[in-house]
Amino acid sequence: MTDQQNGSDQRIPTPNGCRWCGLEAREHAQRWKPPVGWHKWEPPTLEQRKERMLARRRRRASTSDTRSALRVLTLRPAF
Ligand SMILES: [Zn+2]
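As the structure is a computational prediction, the values presented were derived from the model and not from experiment.

Caption draft 1: Summary view of the overall build of the chain. Scanning the chain from terminus to terminus reveals two helices and two strands. By the burial criterion, 16% of the 79 residues in the chain qualify as buried. Taking the contacts inside the chain whose residues are at least 6 apart along the sequence as the reference set, 42% of them involve residues at least 24 apart.

Caption draft 2: A look at helix α1 (residues 46-60). The terminal C-alpha atoms of α1, which comprises 15 residues, lie 21 Å apart, in line with the 21 Å expected from a rise of 1.5 Å per residue. The set of residues buried in α1 consists of Gln 48, Arg 52 and Ala 55. Mapping the buried residues of α1 onto a view down its axis gives an arc of 60 degrees, with all of them on the same face. Facing away from the buried side of α1 by over 90 degrees, the exposed positions are Leu 46, Glu 47, Lys 50, Arg 57 and Arg 60.

Caption draft 3: Main features of the coordination of the zinc ion. Within the first shell, the zinc ion binds the protein through Cys 18 (SG), Cys 21 (SG), His 28 (NE2) and His 39 (NE2), at distances of 2.0 to 2.3 Å. For the zinc ion, the four donor atoms in the first shell make angles of 100 to 117 degrees at the metal, a pattern classed as tetrahedral. The motif formed by the donor residues of the zinc ion, counted along the single chain, is C-x2-C-x6-H-x10-H. Here Cys 21 is found in the segment before β1 (31-33), whereas its partner His 39 is found in strand β2 (residues 37-39), with 18 residues between them in sequence.

Caption draft 4: Main features of the environment of Glu 27. Mapped onto the elements, Glu 27 comes out in the segment before β1. Spatially, the C-alpha atom of Glu 27 lies 9.3 Å from that of Trp 41, the residues being 14 residues apart in sequence.

Caption draft 5: Structural context of the side chain of His 28. Structurally, His 28 is set in the segment before β1. Other than its neighbours up to four places away in sequence, His 28 contacts Cys 18, Cys 21, Leu 23, His 39, Lys 40 and Trp 41.

Caption draft 6: Structural context of the packing of aromatic side chains. The tally for this structure, following the rule as stated, stands at zero aromatic pairs. One cation-aromatic arrangement involves Arg 19 over Trp 20; the distance from NZ or CZ to the ring centre is 4.9 Å.

Caption draft 7: Representation of the side chain of Arg 52 within the structure. Counting through the fold element by element, Arg 52 comes out in helix α1. Although Arg 52 is buried, it makes no salt bridge; Glu 51 carries the closest opposite charge, 7.0 Å away. A distance of 3.3 Å separates a polar atom in the side chain of Arg 52 from the backbone oxygen of Thr 14. In terms of polar contacts, Arg 52 uses its side chain to reach the backbone carbonyl oxygen of Cys 18, at 2.8 Å. Contacts of Arg 52, omitting those with residues within four sequence positions, involve Ile 12, Pro 13, Thr 14, Pro 15, Asn 16, Gly 17, Cys 18, Arg 19, Gly 22 and Pro 44.

Thresholds, definitions, all that
Sequence order as written defines the numbering, with residues in each chain counted from 1. In keeping with the predicted nature of the model, local features appear solely for residues at pLDDT of at least 70, side-chain atom pairs appear and are counted solely at 80 or more, and the whole-chain, interface and lining totals rest on all residues. Processing note: side-chain calculations cover all non-hydrogen atoms of the structure and skip hydrogens and water entirely. Strands here are runs of E lasting at least two residues and helices are runs of H or I lasting at least four, both read from the DSSP assignment and numbered beginning at the N terminus. Using a 1.4 Å probe on the protein chains alone, a residue whose accessible area is under 20% of its type maximum counts as buried, one over 50% counts as exposed, and one in between counts as partly exposed. What makes two residues a contact is simply this: any of their non-hydrogen atoms within 4.5 Å. In this analysis, the expected span of each helix is defined as 1.5 Å times one less than the number of residues it contains. This arc describes the spread of directions from the helix axis toward the C-beta atoms. A donor here means any N, O or S atom no more than 2.8 Å from the metal (3.2 Å for Na, K and Ca); water is not included, so a site may seem to lack partners. Here the metal geometry follows the donor angles, with tetrahedral for four donors whose angles all fall between 85 and 135 degrees, square planar for four and octahedral for six when opposite donors are more than 155 degrees apart and every other angle is between 65 and 115, and irregular for all the rest. When two rings of Phe, Tyr or Trp (its six-membered ring) have centres within 6.5 Å they constitute a pair, described as stacked for plane angles under 30 degrees, edge-to-face for angles over 60, and tilted for the intermediate range. A ring is scored as having a charge over it whenever the NZ atom of a lysine or the CZ atom of an arginine sits within 6 Å of its centre and within 35 degrees of its normal. Within this scheme the basic residues Lys and Arg register as positive and the acidic residues Asp and Glu register as negative, but His and the chain ends are omitted. We count a salt bridge whenever a side-chain nitrogen from Lys or Arg sits within 4 Å of a carboxyl oxygen from Asp or Glu. In protein, a polar contact means a hydrogen-donor-capable atom and an acceptor-capable atom, both N or O and within 3.5 Å, with residues adjacent in sequence counting only if both atoms are side-chain atoms; elsewhere, any N or O pair within 3.5 Å suffices.

Set out below in structure tokens:
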């Protein structure tokens, strides 16, 4: 099963958006989105919130900033 299609990052969901589709509760109503199909707004997991906030920050930052930020994230102290 494919995880998700991450083709476009043009619209990063708000940190508090639905865990399935990223819409805010107030504009949600019912949505169809694979793989869940029809669903109501559900609170995102902590991880999702974190990810979204990071994504927004990343998007705002310049490419070089993103690179160094990523390096910091992936770098682990060897000792
Ligand atoms: Zn949703």
